[in-house]
Amino acid sequence: MTTTYAALLRGINVGGSRKVPMAELRALLEGLGLGDVRTHLQSGQAVFSSAHGDEESLAAELAAAIEKHFGFAVGVIVRDHTYLKAVADACPFPAAELEAKQLHATYFSTRVDEERYAGIDRAAHLPEEFRLGDRVLYLYAPDGLGRSKLAEQLSKPRLNKGLIATTRNWNTVVKLVEMTRA
């Protein structure tokens, strides 16, 4: 039985560096024997099917192939449709009432707990807020990610030590749910 997955690549095609053309990425994934390969936007989303069944080893295999082909390391997170839909459904903010630029999901390679963020003064950042879910952080940033002081705090390397963390706006969150639907 095959499962449809999304691969989330961290930090590619941003600011003119670490270029990964989507056509090349699709060809690379197809060369690994993955089926139904599609990409979304230029910011590092690929959808594919596989009978493999193990997200972590798929992510490691993709990361190794990308590094070998493109010459630089890229953090990769692989998640199936069930997980992606659960993330969208569990959003603690009123997603339907917000603009996509106001709501983001940061996907993590492993579980995180509140203790990791204990040093952040949440009240000082209001009306911006964040909440944790299953290997995801939901961020409400009313003025967008680029102007968010809370997002700046959340992206500090010390807070993300030992993790692959990659952020997507809400439009992309919803699109990945749609694209991975079997």
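Our subject is the structure that appears above.
Predicted model only: the values in this text are computed from it and were never measured. (Residues numbered from 1 in each chain as written. Predicted model: local features only at pLDDT ≥ 70, side-chain atom pairs only at ≥ 80, totals over all residues. Heavy atoms only, no water.)

Novice: Quick rundown of the packing of aromatic side chains? Include the residues and the values.
Specialist: What the rule picks out here adds up to six aromatic pairs. Ring centres of F70 and F72 lie 6.3 Å apart, and the angle between their planes is 35°; this geometry places the pair in the tilted category. For the cation-ring pair, R79 lies above Y83, with the distance from its terminal atom to the ring centre recorded as 5.3 Å. Note that R122 overlies the ring of F130, its terminal NZ or CZ placed 3.8 Å from the centroid. (Phe/Tyr/Trp six-rings, centres within 6.5 Å; stacked < 30°, edge-to-face > 60°. Lys NZ or Arg CZ within 6 Å of the ring centre and 35° of its normal.)

Novice: How would you explain the sheet that holds strand β5 (residues 103-108) if you had to name every residue and give the values?
Specialist: Spatially, the four strands line up as an open sheet ordered β6-β7-β5-β8, and their pairing is antiparallel. At either margin of the open sheet sits one strand with a lone partner, and together these are β6 (129-133) and β8 (165-169). On average, each strand axis in the sheet is inclined to that of its neighbour by 20°, with strand direction left out of account. Relative to strand β7 (residues 136-140), β5 runs antiparallel, the two being bridged by five bridges. Within β7, the position partnered with T106 by the bridge is L137. With respect to the sheet, helix α3 (residues 81-89) is in contact with β5 and β7, its orientation differing from that of β7 by roughly 35°. Lying over the sheet, helix α5 (residues 170-180) contacts β5, β7 and β8, oriented at roughly 95° with respect to β8. (Pairing = 2+ DSSP bridges. Helix = DSSP H or I, 4+ residues; strand = E, 2+ residues; numbered from the N terminus. Axes fitted to C-alpha atoms, helices over the stretch in contact; angles between N-to-C directions. Contact = heavy atoms within 4.5 Å.)

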